Amino acid sequence: MKRHIPPTDVLLILMGAPHESDQTTSVLRLVQAMLERGGRVQVWACGNATQLTQQSLGEVKPRNFAAWGTSYPSTAVLVQEMLAAFPDQFYWYGCQFCSDDRGTQAHVPEVVMRGPSAFASNSAAAAKTLMVGVI
């Protein structure tokens, strides 16, 4: 059965290791800024970026030794919060093949997993596409 992909202004393809650089933080800030300005955004997490929405990440990141008393939400929680705050504007998709290949199948329930053959539908639904990172 073919899934309807809502039209969006931007498709962000997020690839690569989630904690190798600041690209994940930059993408999440960019998404939030676009959403707050009324944009419609979809993210396609591919490669190691599929690890960003794992249930095993829990509610908060490990404690920061430089700021021991400060608690920061995990990337999974950040994605969930943005999806809840912008239900008709924001969509997060994960590549099923990349997720299975890396043993990262336990995503938060709001993430929609799609096979690589479905990527063309996501791309066609976006006015613009931006790829961030490398595998």
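To keep things clear, this report deals only with the structure shown in the data block. (Residues numbered from 1 in each chain as written. Predicted model: local features only at pLDDT ≥ 70, side-chain atom pairs only at ≥ 80, totals over all residues. Heavy atoms only, no water.)

Description of the overall build of the chain
Link 1 in the chain: For the chain, the helix and strand inventory stands at four helices and five strands.
Link 2 in the chain: Helices (α) and strands (β) of the chain occur, in sequence order from the N terminus, as β-α-β-α-β-α-β-α-β.
Link 3 in the chain: Taken along the three principal axes of its C-alpha coordinates, the chain extends 45 × 35 × 25 Å.
Link 4 in the chain: Counting over 135 residues, the chain shows a buried share of 42%. (Helix = DSSP H or I, 4+ residues; strand = E, 2+ residues; numbered from the N terminus. Buried < 20%, exposed > 50% of the residue type's maximum accessible area, 1.4 Å probe, protein only.)

Points about the side chain of glutamine 54
Link 1 in the chain: Here glutamine 54 shows up in the loop between strand 2 (41-45) and helix 2 (75-85).
Link 2 in the chain: Given a relative accessible area of 8%, glutamine 54 falls into the buried group.
Link 3 in the chain: Looking at glutamine 54, its side chain comes within polar contact range of the main-chain oxygen of threonine 104, at 3.0 Å.
Link 4 in the chain: Within the local environment of glutamine 54, its side chain forms a polar contact with the side chain of histidine 107, the two groups lying 3.2 Å apart. (Polar contact = N/O pair within 3.5 Å; in protein donor to acceptor, adjacent residues only side chain to side chain.)

Looking at the environment of valine 31
Link 1 in the chain: Residue position: valine 31 is located in helix 1 (residues 23-36).
Link 2 in the chain: When its relative accessible area of 0% is taken as the criterion, valine 31 is described as buried.
Link 3 in the chain: Along the sequence, valine 31 and methionine 131 sit 100 residues apart, while their C-alpha atoms lie 13 Å from each other.
Link 4 in the chain: The contacts of valine 31, once residues within four sequence positions are left out, are Leu12, Val41, Val43, Met82 and Phe90. (Contact = heavy atoms within 4.5 Å.)

Here we look at the pairing of strand 3 (residues 90-95)
Consecutive residues of a regular strand have side chains that alternate between opposite faces of the sheet.
Link 1 in the chain: Most of strand 3 is tucked away, with six of its six residues classed as buried.
Link 2 in the chain: Neither face of strand 3 is left uncovered, since the one carrying Phe90, Trp92 and Gly94 and the one carrying Tyr91, Tyr93 and Cys95 both have all their residues buried.
Link 3 in the chain: Pairing of strand 2 with strand 3 involves five bridges; the strand directions are parallel. Within strand 3, the position partnered with alanine 45 by the bridge is glycine 94.
Link 4 in the chain: Bridge count for strand 3 against strand 4 (residues 112-114) is three bridges, and the pairing is parallel. What sits directly across from glycine 94, in strand 4, is methionine 113.
Link 5 in the chain: For the segment spanning strand 3, helix 3 (residues 96-101) and strand 4, crossover handedness is right-handed. (Pairing = 2+ DSSP bridges. Right-handed = clockwise from strand over helix to strand, strands pointing away.)

Focus: the packing of aromatic side chains
Link 1 in the chain: The final tally for this structure, using the stated rule, is two aromatic pairs.
Link 2 in the chain: Summarising the aromatic geometry, the rings of phenylalanine 90 and tryptophan 92 are spaced 6.2 Å apart at their centres and angled 80° between planes, so their arrangement reads as edge-to-face.
Link 3 in the chain: Given the relative accessible area of 1%, phenylalanine 90 is considered buried. (Phe/Tyr/Trp six-rings, centres within 6.5 Å; stacked < 30°, edge-to-face > 60°.)

A short note on the sheet that holds strand 2
Link 1 in the chain: The strand order 4-3-2-1-5 describes an open sheet built from five strands, whose pairing is parallel. The sheet terminates laterally at strand 4 and strand 5 (126-132), the two strands that pair on one side only. When strand polarity is set aside, the average angle formed by the axes of neighbouring strands in this sheet is 25°.
Link 2 in the chain: Sheet topology places strand 1 (residues 8-14) next to strand 2; five bridges connect them, and they run parallel. Considered in strand 2, the bridge of valine 10 is made with valine 41. (Axes fitted to C-alpha atoms, helices over the stretch in contact; angles between N-to-C directions.)

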